[in-house]
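Read off the chains here:
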2 protein chains.
Amino acid sequence: MAGLASGKGSLIFDPAGVVAEAVPKAVGKEREIVLGRNVHTTCLEVTEPDADDESTGDKEAAMASILARYRKTLVERTKHHLGYPYNLDFDYGALTQLQHFSINNLGDPFIESNYGVHSRQFEVGVLDWFARLWEIEKEEYWGYITNCGTEGNLHGILVGREVFPDGILYASKESHYSIFKAARMYRMECEKVETLVTGEIDCEDFRAKLLLNKDKPAIINVNIGTTVKGAVDDLDLVIKTLEDSGFPHDRFYIHCDGALFGLMMPFVKLAPKVTFKKPIGSVSVSGHKFVGCPMPCGVQLTRLQHINALSSNVEYLASRDATIMGSRNGHAPLFLWYTLNRKGYKGFQKEVQKCLRNAHYLKDRLRDAGISAMLNELSSTVVFERPRDEEFVRRWQLACERNMAHIVVMPSVTIEKLDDFLIELIPAREIWYKEANVEPPCLADDVGAENCSCALHK
Amino acid sequence: MAGLASGKGSLIFDPAGVVAEAVPKAVGKEREIVLGRNVHTTCLEVTEPDADDESTGDKEAAMASILARYRKTLVERTKHHLGYPYNLDFDYGALTQLQHFSINNLGDPFIESNYGVHSRQFEVGVLDWFARLWEIEKEEYWGYITNCGTEGNLHGILVGREVFPDGILYASKESHYSIFKAARMYRMECEKVETLVTGEIDCEDFRAKLLLNKDKPAIINVNIGTTVKGAVDDLDLVIKTLEDSGFPHDRFYIHCDGALFGLMMPFVKLAPKVTFKKPIGSVSVSGHKFVGCPMPCGVQLTRLQHINALSSNVEYLASRDATIMGSRNGHAPLFLWYTLNRKGYKGFQKEVQKCLRNAHYLKDRLRDAGISAMLNELSSTVVFERPRDEEFVRRWQLACERNMAHIVVMPSVTIEKLDDFLIELIPAREIWYKEANVEPPCLADDVGAENCSCALHK
């Protein structure tokens, strides 16, 4: 099927192959998946109030009942969540008092606009914290709090393109899809680079592609934790490959997509360091992932010297605007500021340790039960055999690709939660394969033979 | 000065002229403005907790004190807010119970992803409401709740470009700056069209520019309320101009930027109707403006047939993604759903009437006091002589351009608030001009001689 690689031989996923499809279809007859359900049928209609609603209170009551039911669903769904890298464990009660203000950080965080209901003082405090983490002087960085990891990537790649208008974008094929979306949006030439079985960028292939395009500058997306396998590209090797291929520092721009691990890596011993002391151009990280936040948000940091390339001055805002969005959620900085202050570096360090420990626990229990599983060093993402039952996948909200599922062990994923999951999975799995009378799939191509427990490799 | 047009002769603002400027400078010696203050100096630093903070509670107390002070500032700043089109009057107390969930509407609103903590059922309810408002069948539209008006514009222009890859973008020079940002991001050819004194697009100039570029399809941004003057481009005349210039319906794409008035216009009698029964491609509107919302958000609607042009299928999300952002704030749909349900069409109608009435009141009082002022028919944006004192401008959070300031009369802008403003403005203004021993500026070029109260035109 176009676009969706169903067999193990076809590892490359080509979005262009499905552009004309209205709704994605299931992967094949054997694995009939409801890839998405049209939500029109279950949507909560907006209805016109009756004339007497204010006096009867009927409408108010109906809405309160819908919200109470919805809240119950959220509690249940939050409890059974494992697949996405979101820390669902936070308490922002102290910030509830601010919810009835319309807080908007219009434009550049470092230049006040005339709109007074903003939270720039918190935003810049948060940015300064990340500047310390990634080792860049206050006077030398520029950044802002974004709406999500994707906005950080869109911004980083755009800065790269403005610095090198005819640069070629290089990204490993396991990069987040927003990188390839950026290439299409920005009309950039893009080279997809092969990956190792761990999910890391294959620097041999990278070198080969660089040598074919020596006449054009390089813009590189480096993954600090890929979406599916949590693989960390080797930044130092990427830089060395560039240098060895004849690209001096003024001929390349590196954006580090640290959506999840950008904030965890600094606390992992032996991890290759993400720092502006190396020749990188920008780093982005999500705020709703490891930190935890009611809504998506992120942090994007780049070098001030690059930012003039895409600034434009708009008098009516009394503010330059080098952000993508312009109007920006002023509550997100408050959430981040609050958590960073409460936990501090030490608090995060402790949580990173807990996550890594719990991830190892999960991987070991899976392997003990004869289930293929991989855990990259430096990562808390456990990749394992995709459960055969799609209802089970949905119940635990697992993100899947080909024969793989993964669980991203976040601070909200406790040993108890993992045990609940394993207690359900292991007996259910026996039944799935007994009933279908087939063997569990081989995952050697996806996670390496040493991590595969199929009949051939166990 | 490059980029900032200070005199009346230089009406065209050219962002490219200031790209290299690190910080915008003041407009000139006579009017020394602090266009922006570097917020590093006033930022609220994130500090590492002490080892004994948990037992002493010192950190908690210090943070509570900062937040309480901040809350007080917000109350004051909200009270003195007039310049931006945000309805600051809302009460979402009923939704506070949902703040501790990490709600994320990943990807396409109409296709569920495996992440269960979402609010798609509310989102689609809101979208359906807007589909009814703009007259498009449920089966024929596609849309999503965005992070702000800018995201709607970025999406609308991108859809246009995907439909017509070699199309030229036409937008009046008074369009929101995000339109020109989109052109640059997307590497599109862009023609800036002149405006009438009201701020509307000048269709004579539009026609002339179309005739010079007949070989390429046209992508047009139509303003349903410009940022500065609240001018509404005449959609019918734009379509007629296209047709008369030899552009059949399959050779143009119209995006309607209805950031503010997209939601007010349907309730104004005699206003040219924004409807998908006309040959338009997309409409966007902001949610934090007329509706009111704690954080920026918006609604983007387009025709389903266009959306396949930019879809891409990402298996790991089990969700197509034709949005710009991918990860999306799941709280915004709840806020919108709540207000739409409570107020309904009738409630909005009443509020639109109140806004228009109060806007006329303000314009009349200003003119009575001998102050140049303009109020476009169909608009609640009052453009008037820019106050000479920048401290005053900041206190009332007025958005300014050249010699103009404006007040956007939103539901939260009451007669009392306007009276408070006028009582401060009128005597202060007398002193400003007496002290400087100059005449108030002429605004004829900006708002028309008939609205100008300068020595020459009064």
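If you look chain A up in an unreviewed UniProt entry, it shows as Serine decarboxylase from Lithospermum erythrorhizon. The UniProt entry for chain A carries the following text under Cofactor (unreviewed entry): "pyridoxal 5'-phosphate".

Asker: Explain the overall build of chain A to me, please; I cannot follow it from the model alone.
Answerer: From N to C terminus, chain A includes 12 helices and 13 strands. With 458 residues in all, chain A has 65% of them scored as buried. Considering only contacts in chain A between residues 6 or more positions apart, those separated by 24 or more positions represent 70%. Just so you have it, chain A exposes about 16500 Å², and 52% of that area is on carbon and sulfur atoms.

Asker: Quick question: what am I supposed to make of the sheet that holds strand β4 (residues 218–223) of chain A here?
Answerer: Backbone hydrogen bonds are what pair the strands of a sheet, in a parallel or an antiparallel way. All names here are of chain A. Pairing in this open sheet of 7 strands is mixed, and the strands run β1-β7-β6-β5-β4-β2-β3 from one edge to the other. At either end of the open sheet lies a strand with only one pairing partner, and these are β1 (141–146) and β3 (190–193). Direction aside, neighbouring strands of the sheet carry axes that sit 15 degrees apart on average. The sheet contact formed by strand β5 (residues 252–257) and strand β6 (residues 282–286) spans 3 bridges and is parallel. Paired with D257 across the two strands is S284, which belongs to β6. Lying over the sheet, helix α4 (residues 149–163) contacts β1, β2 (168–172), β4, β5, β6 and β7 (298–303), oriented at roughly 175 degrees with respect to β5. Strands β2, β3 and β4 of the sheet are contacted by helix α6 (residues 203–212), whose axis makes an angle of about 155 degrees with β3.

Asker: For this particular structure, what's the right way to read the UniProt feature "modified residue: N6-(pyridoxal phosphate)lysine" (unreviewed entry) in chain A?
Answerer: All names here are of chain A. In the numbering used here, UniProt assigns the feature "modified residue: N6-(pyridoxal phosphate)lysine" (unreviewed entry) to K289. Its location among the elements puts K289 in the loop between β6 and β7. Once residues lying within four places of it in the same chain are set aside, the contact partners of K289 are P85, Y86, N87, A259, L260 and M410.

Asker: What is the right way to read unusual backbone geometry from this model?
Answerer: Leave glycine aside and you will find that most residues have negative phi; peptide bonds, for their part, are mostly trans. One non-glycine residue with positive phi stands out, namely Q397(A), at about 50 degrees. As for its position among the elements, Q397(A) is in the loop between α10 (390–395) and β12 (399–401). With phi around 75 degrees, L378(B) is a residue other than glycine that occupies positive phi space. Mapped onto the elements of the fold, L378(B) is located in the loop between β10 (373–375) and β11 (381–385).

Asker: Please explain the packing of helix α9 (residues 331–368) of chain B against helix α11 (residues 415–436) of chain B as it appears in this structure.
Answerer: Angle between the axes and distance between the axes are the two parameters that describe a pair of packed helices. All names here are of chain B. Two elements in contact, α9 and α11, have axes whose closest approach is 10 Å; the angle formed by their N-to-C orientations is 15 degrees. Taken as axis vectors, α9 and α11 run roughly parallel relative to one another. You can see that α9 and α11 cross each other, and the crossing is right-handed. Where α9 abuts α11, its residues N358, Y361, L362, R365 and L366 lie against I415, L418, D419, L422 and L425. For the contact of α9 with α11, the residue count by class is 7 nonpolar, 1 polar and 2 charged.

Asker: Even after reading the chapter, I still don't get the relation of the copies chain A and chain B, so can you show me in this structure?
Answerer: Copy one and copy two of the chain differ by a rotation about an axis and a translation along that axis. Mapping chain A onto chain B leaves a residual RMSD of 0.0 Å; the transformation is a rotation of 180 degrees accompanied by 0.0 Å of translation along its axis. Such a combination of rotation and displacement between the chain copies is what one expects of a two-fold axis. When C-alpha positions in chain A are compared against the rotation axis, the closest is assigned to Y186(A), at 2.4 Å. Most of the interface of chain A is mirrored in chain B: 100% of its interface residues are interface residues there too.

Asker: Would you mind going over the nonpolar core with me for this structure?
Answerer: One recurring pattern in soluble globular proteins: nonpolar side chains tend to sit buried together. F130(A), I254(A), L398(A), F130(B), I254(B) and L398(B) are the most contacted members of the largest nonpolar core, which totals 266 residues. At 14 residues, the largest contribution of residues to this core is made by α9(B). Setting aside anything within four residues of it in sequence, one finds F130(A) in contact with L263(A), V285(A), V299(A), L301(A) and L340(A).

Asker: What is the right way to read the packing of aromatic side chains from this model?
Answerer: Pairs of aromatic rings are described using the distance from one ring centre to the other and the angle between the two planes. Residues and elements named next belong to chain B. Enumeration over the complete set of coordinates arrives at 44 aromatic pairs over all chains. Each ring, one from F122 and one from W337, has its centre 4.9 Å from the other, and the planes form 90 degrees; the classification is edge-to-face. Residue F122 is found in helix α3 (residues 120–133), and its partner W337 is found in helix α9; the two are separated by 215 residues along the sequence. Each member of the pair, F122 together with W337, is buried. For the pair W396 and F421, a centre-to-centre distance of 5.4 Å together with 80 degrees between the ring planes defines the contact as edge-to-face. You can see W396 sitting in the loop between α10 (390–395) and β12 (399–401) and its partner F421 sitting in helix α11, a full 25 residues away along the chain.

Asker: Looking at this model, I keep getting lost on the interface of chain A and chain B. Mind explaining?
Answerer: Often the size quoted for an interface is simply the accessible area lost on bringing the parts together. Taken together, the contact pairs 139 residues of chain A with 140 residues of chain B. The junction of chain A with chain B conceals about 12600 Å² of combined surface from both sides, 58% of it contributed by carbon and sulfur atoms. The partner of E162(A) in a salt bridge is R184(B), and the shortest N-O contact between them spans 2.6 Å. Counting the contacts that link chain A with chain B gives 45 residue pairs in polar contact (both at pLDDT 80 or more). Residue assignment for the side of chain A that touches chain B shows that the elements contributing at least two residues are α2 (58–79), α3 (120–133), α4, α5 (177–186), β8 (313–314), α9 (331–368), α10 and β12 of chain A. Top element by residues in the side of chain A that touches chain B is α9(A). It accounts for 12 residues.

Asker: Explain the confidence of the model for chain A here, please?
Answerer: Atom-level detail of predicted coordinates should not be read off regions where pLDDT is low. All names here are of chain A. Of all residues in chain A, 88% attain a pLDDT of 70 or more, and the chain-wide mean is 88. Counting contacts from residues 1–37, a segment whose pLDDT is below 50, to residues more than four positions away or on other chains yields 69 contacts. Reported confidences for the modelled complex are a pTM of 0.90 and an ipTM of 0.89.

Asker: When you look at the pairing of strand β13 (residues 404–408) of chain B in this model, what are you seeing that I'm missing?
Answerer: One face of the sheet, then the other: side chains in a regular strand alternate in exactly this way. Residues and elements named next belong to chain B. The buried fraction of β13 is high, at 5 of 5 residues. Neither face of β13 is open: one carries M404, H406 and V408, the other A405 and I407, and all of them are buried. Both β11 and β13 contribute to a ladder of 5 bridges, which runs antiparallel. Bridge pairing in β13 places T381 opposite V408. Where β12 lies against β13, 3 bridges are found, and the strand directions are antiparallel. Within the sheet, the bridge partner assigned to E401 lies in β13 and is M404. Taking the residues that link successive antiparallel strands as the turn, the β12-β13 hairpin has 2 residues, and the phi of R402 there is positive, at about 45 degrees.

Asker: What is the right way to read the pairing of β2(A) from this model?
Answerer: All names here are of chain A. Where burial is concerned, most of β2 is hidden: 5 out of the 5 residues are buried. Here β2 shows two buried faces, one formed by I168, Y170 and S172 and the other by L169 and A171. Taken together, the 4 bridges between β2 and β4 define a ladder with parallel strand orientation. Bridge pairing in β4 places A171 opposite N221. Here β2 pairs with β3 via 4 bridges, running parallel. Its bridge partner being in β3, A171 is matched across the sheet by K192. This β-α-β element, β2 to α5 to β3, shows right-handed connectivity.

Asker: I'm lost on the environment of I219(A) in this one. Help?
Answerer: Along the polypeptide, I219(A) turns up in strand β4. With residues near it in sequence (within four places) discarded, I219(A) still touches G160(A), R161(A), F164(A), G167(A), I168(A), L169(A), Y170(A), M188(A) and Y253(A).

Asker: Please clarify how the sheet that holds strand β5 (residues 252–257) of chain B should be interpreted in this entry.
Answerer: Residues and elements named next belong to chain B. Taken in spatial order, the 7 strands make up an open sheet running β1-β7-β6-β5-β4-β2-β3, and their pairing is mixed. The sheet is open, and its two borders are formed by β1 (141–146) and β3 (190–193), each paired with just one other strand. Going from strand to strand, the sheet's axes swing by 15 degrees on average, the running direction of each strand aside. Sheet topology places strand β4 (residues 218–223) next to β5; 6 bridges connect them, and they run parallel. Opposite I219, over in β5, you have Y253 as the bridge partner. Across the face of the sheet, helix α5 (residues 177–185) comes into contact with β2 (168–172), β3 and β4 while running at roughly 165 degrees to β2. Contacts from helix α6 (residues 203–212) reach β2, β3 and β4 within the one sheet, and its direction differs from that of β3 by about 155 degrees.

What counts, and at which threshold
Residues numbered from 1 in each chain as written. Chains lettered and ligands numbered in written order. Predicted model: local features only at pLDDT ≥ 70, side-chain atom pairs only at ≥ 80, totals over all residues. Heavy atoms only, no water. UniProt positions renumbered as here; feature names shortened; annotations may be inferred. Helix = DSSP H or I, 4+ residues; strand = E, 2+ residues; numbered from the N terminus. Buried < 20%, exposed > 50% of the residue type's maximum accessible area, 1.4 Å probe, protein only. Contact = heavy atoms within 4.5 Å. Areas by Shrake-Rupley, 256 points an atom, 1.4 Å probe, with all protein chains shown as cover. Pairing = 2+ DSSP bridges. Axes fitted to C-alpha atoms, helices over the stretch in contact; angles between N-to-C directions. Parallel < 35°, antiparallel > 145°, perpendicular 65-115°, else oblique. Left-handed = near helix turned anticlockwise from the far one by under 90°. Nonpolar A, V, L, I, M, F, W, Y, C, P; charged D, E, K, R; others polar. Least-squares fit on C-alpha atoms with pLDDT ≥ 70 in both. Core = buried A, V, L, I, M, F, W, Y, C linked by side-chain atoms within 4.5 Å. Phe/Tyr/Trp six-rings, centres within 6.5 Å; stacked < 30°, edge-to-face > 60°. Buried area = accessible area lost by both parts, 1.4 Å probe. Salt bridge = Lys/Arg side-chain N within 4 Å of Asp/Glu carboxyl O. Polar contact = N/O pair within 3.5 Å; in protein donor to acceptor, adjacent residues only side chain to side chain. pLDDT = per-residue confidence, 0-100. Right-handed = clockwise from strand over helix to strand, strands pointing away.

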